[in-house]
Amino acid sequence: MSAEAFWIIAAGALVAIPCGLLGCYLILRKMAMVGDAISHAVLPGIVIAFFVSGTREPISMLIGAGILGILTTFLIEFFHTKARLQTDASIGVTFTWLFAMGIILISLFAGQVDLDQECVLYGEIAYVPIDLWITSNGTIMGPRVMYIMGAVFVLVLLFILFGYKELFLTTFDPKFAAASGISVALWHYLLMGAVSFTTVGAFESVGAILVVALLIVPPATAYLLTENFKKMLLITAGLGVVISIVGYYIAAGLDGSVAGAMALVAGILFALAFLFSPQEGVVFKHKKHTLTLDQES
Amino acid sequence: MENLWEFLSLRDPNIRYVVLGSILLAASSAIVGTFTLLKKKALVGDAVAHSVLPGICLAFILTGVKNPFYLVIGAFVTGWISLVLIDYITKHSKIKEDTAIGLILSVFFGIGILMLTVIQKSGNAAQSGLDHFLFGQAASLVGQDLLVFSAIALILMIAVLVLFKEFALIAFDTHFAESIGFPVRALELVLTTLTVLAVVTGIQAIGVVLMAAMLITPAAAARFWTDKLTVMIFLAAGLGAFSGLVGAYISYVAPAMPTGPWIVMIISIIAITSFFLAPQKGILFRMITQRKFQTQMLEENILKLFFQLGERADHKYFDTRSVDDITRRRPFELSKLQRGLKNLRKQGFLEATATGWVFTQAGKSKGQRITKLHRLWELYLTEYLKIAPDHVHEDAETIEHIITPELEKRLEEQLQFPSMDPHKSQIPYQR
């Protein structure tokens, strides 16, 4: 494996794992589309942060996107409760509006910020090995994205480890959680904040839209393979690594977008689980069904 | 300004294509979107919109030309497959619909992006402009495109017109439609097909990424202005067409600007303004109504209290009551109480004296009426709903402000003008 391949695969896995872990909570909370909405809606935050700071400096990007992520969650909630707009429409209106704003800002600032529409759509993970972090005295520290994603990865891991009980309870039994003194709203917004941060980190590598594939597809696949939540988290993380490796080689073979190929692999893995999962697979369900019918006759 | 007249005069045939195209495309997706919104399936449009990308790319790879006719067929096929898959996954596994939507959307879009990048690197010169399908470029609409897209838009509008009653029924009450023998599944399939068609027509002007907005946002905005389905459809179509026109204009004066995001931006601003300002349903209107009702409740509660204080003081209703007398009986928030008292004086229900406040004749009869309604309702709850007397007060506290004179009359007749409430308090009638 060349050094280039290694860095791209490692970056892919570093993006896929935290996305998948947070996605597990999203799909179980029936908030998959809110995750989709946030990943789109952080775009104007990123562009404004780019424009204000003038560089791809991660701190201001994280702040910009974090604010937009929370704002999205808040707006969806606000239109739903205050204007009684149905939830699906509330999500649809909010994120398309913010995403359109982001694209318009990119077109307005074209030439002033180092961002383009393609980057938004499928990221620039192929540039990871050449986009190096060089310190002021000239030392080369390795690919820059690895540091950003490494930090996001560690933060998400710490968030899930230390908030495991709270996240678990607020996901599966919000009433019991509230009764035992855990603030459901606080953990809701913390989770949404974590999703926003992760999306920003992932943004440069896989783009705003394909993040959704990493947020939703691996957890949905793991969900079909196990009923145990801890196992679901572990399987999701494992799938993230597989997606990254296979995705890279498919993209390299076809000379296409790595992020697109990763989404393709994620989709194939889901299809396999959907068809052949021991408990949930459509094929086995069908077999079981015919078996019982045979016994009956 | 000169630009604007040049643009609106439609003298330039290119501008004519762009304007007509954008209006037609935006309007037709808004019409179909109205039904998907009412069926609470708004986000399905998002899935279709993203899922047409691999179809477009596949059609291009297979034919090697950017012929709108082939591209539309490709887009239609994958868009339709995506909807079938979402349905199948939701029905045959424990995966919920929203997860299935996100899953299909992102995987299909990823495959599309993979194909698009492969095509772009293949060196086929005809591919340039294929990426306009991502964010839309109304300015690139030419005669041939317009012909294909308008034909689809026309089919779509005729289908909605012919099946209007059926769609209205399945949008509002699927079970009822089923029970009276409507072919609901077939109709839903037709609506699904129309949704895909609407997306396919819009992609050239708006782009696959934001197409969902053209299905959701005009309908959501229109919903705030009317309860009538026909009005809602025309309004949604009109708003969609207007934003399409403005978007086309912007991409005409500033060709570097992608059309789709601008159209979406304009329709979103219209929608969000509607959410806030629409009469009856808007946030502002709701807030004002709520405030009005709170003031009314406060004032009526004060008058009721004055009446009850009079009852306790041997029916001396026209004695002065100090603020202390009032708060001792019922803990009002002091600032609210002061405001309420002043308002009541302005309306002529109370008068200020040196040491406090006193009823006017009008104030007394209003306070008396509220007290009467309160006690009648308590009696009604215990007599007819068999609720224990110690549980009826809370409910009566709310309903006493809402009962109309007609209801008041019916309550009195139903209960045959009783004299006592369940707590053995006199029910005061006007003489």
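The present account deals with the structure reproduced in this document. Counting starts from 1 at the beginning of each chain's written sequence and moves along it residue by residue. Working convention: letters from A go to chains and numbers from 1 go to ligands, in the order in which they are written. Restriction of local features to residues with pLDDT of at least 70 applies here, the model being predicted, together with a cutoff of 80 or more for giving and counting side-chain atom pairs; totals for whole chains, interfaces and linings are based on all residues. Note: side-chain values were computed over all heavy atoms of the structure, leaving out hydrogens and water.

### Quick word on the packing of helix H2 (residues 32-41) of chain A against helix H5 (residues 97-122) of chain B
At step 1: Convention adopted: a line fitted to C-alpha atoms gives each axis, helices being fitted over their contacting stretch, and angles between N-to-C directions are expressed from 0 to 180 degrees. Helix and strand assignments follow DSSP, with helices taken as H or I runs no shorter than four residues and strands as E runs no shorter than two, numbered in order from the N terminus. Interaxial distance between H2(A) and H5(B) falls to 7 Å at its minimum, and their mutual angle equals 40°. What the angle tells us is that H2(A) and H5(B) run oblique. Across the interface between the two elements, Ala32(A), Met33(A) and Asp36(A) of H2(A) pack against Asp98(B), Thr99(B), Ile101(B), Gly102(B) and Leu105(B) of H5(B). Should an angle fall under 35 degrees it is taken as roughly parallel, and over 145 as roughly antiparallel, whereas 65 to 115 is taken as roughly perpendicular and any remaining angle as oblique. Any two residues having at least one pair of non-hydrogen atoms within 4.5 Å are treated as being in contact.

### A short note on the side chain of Glu166(A)
Residues and elements named next belong to chain A.
At step 1: Mapped onto the elements, glutamate 166 comes out in helix H8 (residues 164-172).
At step 2: One buried charged residue, glutamate 166, remains without a salt bridge, the closest side chain of opposite sign being lysine 165 at 4.5 Å.
At step 3: Residues in contact with glutamate 166, not counting those within four places in the same chain, are Ile182 and Trp187. When a residue's accessible area, from a 1.4 Å probe over protein chains only, is under 20% of the maximum for its type it is buried; when over 50% it is exposed; and in between it is partly exposed. Here Asp and Glu are counted as negative and Lys and Arg as positive; His is not counted, and neither are the chain ends. Here, a salt bridge means any Lys or Arg side-chain nitrogen found within 4 Å of an Asp or Glu carboxyl oxygen.

### Notes on the interface of chain A and chain B
Think of interface size as the accessible area that goes away when the parts come together; that is how it is often given.
At step 1: Contact with chain A, which involves 59 residues of that partner, is made by 54 residues of chain B.
At step 2: Put simply, buried area is the surface a 1.4 Å probe can reach on two separate parts but cannot reach once they are joined, added for both. Note on chain A versus chain B: buried area summed over both sides is about 5000 Å², and carbon and sulfur give 77% of it.
At step 3: Lys121(B) serves as the salt-bridge partner of Asp255(A), at 3.6 Å between the closest nitrogen and oxygen.
At step 4: Pairs of N or O atoms are called polar contacts if they sit within 3.5 Å, as long as, within protein, a hydrogen donor faces a hydrogen acceptor (for residues adjacent in sequence, only side-chain-to-side-chain pairs). The interface formed by chain A and chain B includes seven residue pairs in polar contact (both at pLDDT 80 or more).
At step 5: For the side of chain A that touches chain B, the elements supplying multiple residues, two or more each, are H2, helix H4 (58-82), helix H5 (87-108), helix H6 (117-122), helix H10 (184-225), helix H11 (229-254), helix H12 (258-276) and helix H13 (282-296) of chain A.
At step 6: Residue classes follow a fixed rule: Ala, Val, Leu, Ile, Met, Phe, Trp, Tyr, Cys and Pro count as nonpolar, while Asp, Glu, Lys and Arg count as charged, and any other residue, Gly among them, counts as polar. Class assignment for the residues of the side of chain A that touches chain B results in 38 nonpolar, eleven polar and ten charged.

### Looking at the environment of Leu83(B)
Residues and elements named next belong to chain B.
At step 1: Summarising the element assignment, leucine 83 is placed in helix H4 (residues 68-92).
At step 2: Each C-alpha atom, one on leucine 83 and one on alanine 47, is 7.7 Å from the other, the two residues being 36 residues apart in sequence.
At step 3: Setting aside anything within four residues of it in sequence, one finds leucine 83 in contact with Val44, Val48, Thr192 and Val196.

### Thoughts on H5(A)
At step 1: The length a helix should cover is 1.5 Å for every residue beyond the first. Here H5(A) spans 32 Å end to end across 22 residues, near enough to the 32 Å set by a 1.5 Å rise per residue.
At step 2: In terms of burial, H5(A) is a largely internal element, 19 of the 22 residues being buried.

### Topic: the state of the cysteines
All names here are of chain A.
At step 1: We call a pair of cysteine sulfur atoms a disulfide when they lie within 2.5 Å. Scanning all chains against the criterion turns up zero disulfides over all chains.
At step 2: Take cysteine 19: it sits in no disulfide, and the sulfur closest to it among the cysteines is that of cysteine 24, at 11 Å.
At step 3: Since its relative accessible area comes to 1%, cysteine 19 is described here as buried.

### What about the environment of Phe285(B)?
All names here are of chain B.
At step 1: Mapped onto the fold, phenylalanine 285 is located in helix H14 (residues 283-312).
At step 2: For the pair phenylalanine 285 and isoleucine 81, spaced 204 residues apart in the sequence, the C-alpha separation amounts to 43 Å.
At step 3: Once residues within four sequence positions are removed from consideration, phenylalanine 285 is found in contact with Phe276, Ala278, Pro279 and Gln280.

### Looking at the packing of aromatic side chains
At step 1: Centre distance within 6.5 Å is the pairing criterion for rings of Phe, Tyr and Trp, where only the six-membered ring of Trp is used; planes under 30 degrees apart are then read as stacked, over 60 as edge-to-face, and the remainder as tilted. Considering all chains together, one arrives at 24 aromatic pairs over all chains under this definition.
At step 2: On the numbers, 5.2 Å between centres and 65° between planes, the contact of Tyr25(A) with Phe229(A) is edge-to-face. Separated by 204 residues along the polypeptide, Tyr25(A) in helix H1 (residues 3-28) and Phe229(A) in helix H11 bring together distant segments of the chain. The pair Tyr25(A) / Phe229(A) is uniform in exposure class, with both members buried.
At step 3: For the pair Phe307(B) and Tyr317(B), a centre-to-centre distance of 4.9 Å together with 15° between the ring planes defines the contact as stacked. Residue Phe307(B) is found in helix H14, and its partner Tyr317(B) is found in the loop between H14 and helix H15 (323-329); the two are separated by ten residues along the sequence.
At step 4: Three or more aromatic residues link up through ring pairs in this structure, and these residues are Phe74(A), Phe78(A), Phe79(A), Phe224(B), Phe275(B) and Phe276(B).
At step 5: Lying across the ring of Tyr223(A), Lys94(B) places its NZ or CZ 4.4 Å from the centre. We count a charge as sitting over a ring when the NZ of a lysine or the CZ of an arginine lies within 6 Å of the ring centre and within 35 degrees of the ring normal.

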